[in-house]
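# Summary of structural features
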Amino acid sequence: MTHTARRIGRSLALVLPVVMVLSGTLAVTSVQWAESDTDSQLLAASSETVSKPAKPHAPQDVLREKLLVELQEKDPGTALTGLQRAVEQRPSLARHCMSIAKALGKAAVEQYGPTRAHRFSRPVCDTSFASGVARFS
């Protein structure tokens, strides 16, 4: 037991600094450090084609949005039932089930509070809804 804990600790000690450095580097590169010239912005904007078709949304994103609206309008139990039925109808959505259930858990905490949101928990997607509620409580 102690040996396993040490091994996990050592692995985290090696991996965590690398992850932090990479995420910090990515954060710094995404910030605009200098003000850009508005003329060049206008020129760049005018050179783009305006009639680009909108990107189609992925099925899991469409389902997530639909279920979040359903959660807001009805309750988390109805949204979880909809998630379970959608995964049964389209098995390809099963790999996104956990992330959708966690998003529903977060939205339930925001709308109902952690205590009331836990009451809607059920074993959909390996209890990911409960995990989302606990994480955002």
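Quick notes on the rules
Residues numbered from 1 in each chain as written. Predicted model: local features only at pLDDT ≥ 70, side-chain atom pairs only at ≥ 80, totals over all residues. Heavy atoms only, no water. Helix = DSSP H or I, 4+ residues; strand = E, 2+ residues; numbered from the N terminus. Expected span 1.5 Å × (residues − 1). Buried < 20%, exposed > 50% of the residue type's maximum accessible area, 1.4 Å probe, protein only. Contact = heavy atoms within 4.5 Å. pLDDT = per-residue confidence, 0-100. Core = buried A, V, L, I, M, F, W, Y, C linked by side-chain atoms within 4.5 Å.

Another point: helix α5 (residues 97–112). Taking 1.5 Å of rise per residue, 16 residues should cover 22 Å, and α5 covers 22 Å from first to last C-alpha, within 8% of that figure. Taken as a whole, α5 has its buried residues at Cys97, Ile100, Ala101, Leu104, Gly105, Ala107, Ala108, Val109 and Tyr112. Looking one or two residues past α5, Gly113 carries a phi angle of roughly 90 degrees, positive in sign.

So, about the side chain of Ser128. For Ser128, the location among the structural elements is in helix α7 (residues 128–135). What makes Ser128 buried here is its relative accessible area of 1%. Aside from chain neighbours lying at most four places away, what touches Ser128 is Met98, Ala101 and Lys102.

So, on to the confidence of the model for the chain. Regions with low pLDDT carry predicted coordinates that are not meant to be interpreted in detail. For the chain, the average pLDDT comes to 78, and 68% of its residues sit at 70 or higher. Counting interchain partners and residues more than four positions distant, the pLDDT-below-50 stretch residues 38–43 has one contact.

All right, on to the environment of Leu104 then. Summarising the element assignment, Leu104 is placed in helix α5. We classify Leu104 as buried; its relative accessible area is 1%. For the pair Leu104 and Glu70, spaced 34 residues apart in sequence, the C-alpha separation works out to 10.0 Å. Apart from residues lying up to four places away in sequence, Leu104 is in contact with Leu67, Leu68, Leu71, Ala79, Leu80, Leu83 and Phe129.

Turning to the nonpolar core, a few remarks are in order. Ranked by size, the top nonpolar core spans 22 residues in total, and within it Leu63, Leu67, Leu83, Leu104 and Phe129 carry the most contacts. Looking at this core element by element, the count peaks at seven residues for α5. Excluding residues that lie within four positions of it along the chain, Leu67 makes contacts with Ala79, Gly82, Leu83, Ile100 and Leu104.

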